[in-house]
Amino acid sequence: MADGLTTSGAVRSRSRPSVRWRARYRVVPWWLRITVVYVLARIVTTVLMMRFAAAQTANSFTAEHPSYLSFASIWDGTWYRVIATGGYPSTLPVDAAGHVTENAWAFMPAYPFLVRAFMQLTGASFEAVAVSVSFVAGWGAALVLRRLLGRFLDDARATFATVVFCVAPVSVMFQVAYAEAMGLFLLLVALLLAVDRRWWTMLPVVLLLGMTRPTGLAFAFFLVLFLAAWWIRPSWVRETERPTVRTATPPFVVAVVSGLVGLAWPAIAWAATGVPKAYTDTELAWRSSYIGWGELVPFTPWVKGFLWWASFPGGGWAAVAMPVGLVALGLLVAVPAARRIGLELRLWVVAYVVYLLAVFFPQSSTWRILLPIAPVLGVVALPRSRWYRVVVVLVCLVLQWVWLYANWWVDGYDWTPP
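Heads up: these notes are all about the structure in this document. Note that the structure is predicted; figures quoted are calculated from it, not measured. (Residues numbered from 1 in each chain as written. Predicted model: local features only at pLDDT ≥ 70, side-chain atom pairs only at ≥ 80, totals over all residues. Heavy atoms only, no water.)

## As for the overall build of the chain
In terms of helices and strands, the chain carries 18 helices and zero strands. In terms of overall dimensions, the chain is globule-like: its C-alpha atoms have a radius of gyration of 23 Å, near the 22 Å expected for 418 residues. The C-alpha extent of the chain, read off along each of the three principal axes, is 95 × 60 × 50 Å. Across the chain, contacts joining residues at least 24 apart in sequence account for 72% of those joining residues at least 6 apart. Carbon and sulfur atoms provide 70% of the accessible area of the chain, an area that totals close to 19900 Å². A distance of 16 Å separates the average location of the 33 positive side-chain charges in the chain from that of its 18 negative side-chain charges. (Helix = DSSP H or I, 4+ residues; strand = E, 2+ residues; numbered from the N terminus. Rg over C-alpha atoms; globule rule 2.2 N^0.38 Å. Contact = heavy atoms within 4.5 Å. Areas by Shrake-Rupley, 256 points an atom, 1.4 Å probe, with all protein chains shown as cover. Lys, Arg positive; Asp, Glu negative; His and termini not counted. Charge placed at Lys NZ, Arg CZ, Asp CG, Glu CD.)

And the structure:
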């Protein structure tokens, strides 16, 4: 009896520090925990970027050994600087054969115009403002993702998914002069509003989202899939009865608006330049160095990409990675465990991937372009093993270095843009 009490007491004594730690952890507001994680993750990324900047040679973007802000504003950041300081061209640049070449019309206006507004308000440089906007937007995206996943998962899992989000290989986008962080923040807000059925509140978010990143058509498709699932089986989307005209009208209106916004930017480019295909021809200019000039035919870019990578010396692994990656992603959203994150989030992943298959040419920017499927991290966070979680975070940090080396750092003639 005494031995039993002693053993029991010893066990209780050993468990007390853990119990106390968990109690203190729960007292800390979730948003503060995520903020601390986000800031620590950005510090780690800053250290990695500074190491690469110290080794960076002179290139078309920067001088040798650039400062952090200069290094964080290369690649597409140079186009956002052009837009923020000078706007869009009224005449499209063309080459000797008459093909439209790379120009600012490939980039949506909301992010660079917001940066320009803060530049005029503060007098700060483009680099300082652009990176700051991305940093704040990335922080907002982390907070919204935590709240979104918290609608479906317990506190620990939702928090770990957000930790992975903060240290992901492409989380560098949260502190560079790119529109990804702002677009992701708006997208996650829109998804949260969809989950909460706050349809009319979504309208301004969807309008701004469609002018930040080219996701308007994908989001409209997502809402169509949502309405179809709601009609087929209401329980799939946590409803008790099929939609009526009254209940279906708000999401339908948002879908229509999102689709129109998705078509608005090509129409604006046409009106401003007088060229009907100004936007699509500009987008095609970026892939011409890979597969030459051609028309945009839906769902053919990935076939062309597969053939190009397969024919490229050493590119066989990339060609194989495309179908393997699609199958892996399909399994990730289709496995029974994925039901834990709700059908809405999985439908968004499906809609966005279908959109990419229709219009995007797979190359080194693919990893960055996949950021909007971040809600699927809720599935990655389901295992409770501590070792699993530690390994996932460490792998993400290693891959962050790999991504910076392969895509961001400019090494001579660099054909792997981020």
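There is more to say, and it comes next.
## Let's talk about the packing of aromatic side chains
Considering all chains together, one arrives at 30 aromatic pairs under this definition. When the ring of Trp 79 is compared with that of Phe 107, the centres are 6.2 Å apart and the planes differ by 20 degrees; the resulting orientation is stacked. In this pair, Trp 79 is assigned in helix H4 (residues 76-86) and Phe 107 in the loop between H4 and helix H5 (110-122), connecting sequence segments 28 residues apart. Note on Tyr 290 and Phe 361: the rings are 5.5 Å apart at their centroids and 45 degrees apart in plane angle, and the pair reads as tilted. Of this pair, Tyr 290 sits in helix H12 (residues 278-291) while Phe 361 sits in the loop between helix H15 (343-359) and helix H16 (366-369), and the two are 71 residues apart along the sequence. A single burial state applies to Tyr 290 and to Phe 361, both of which are buried. (Phe/Tyr/Trp six-rings, centres within 6.5 Å; stacked < 30°, edge-to-face > 60°. Buried < 20%, exposed > 50% of the residue type's maximum accessible area, 1.4 Å probe, protein only.)

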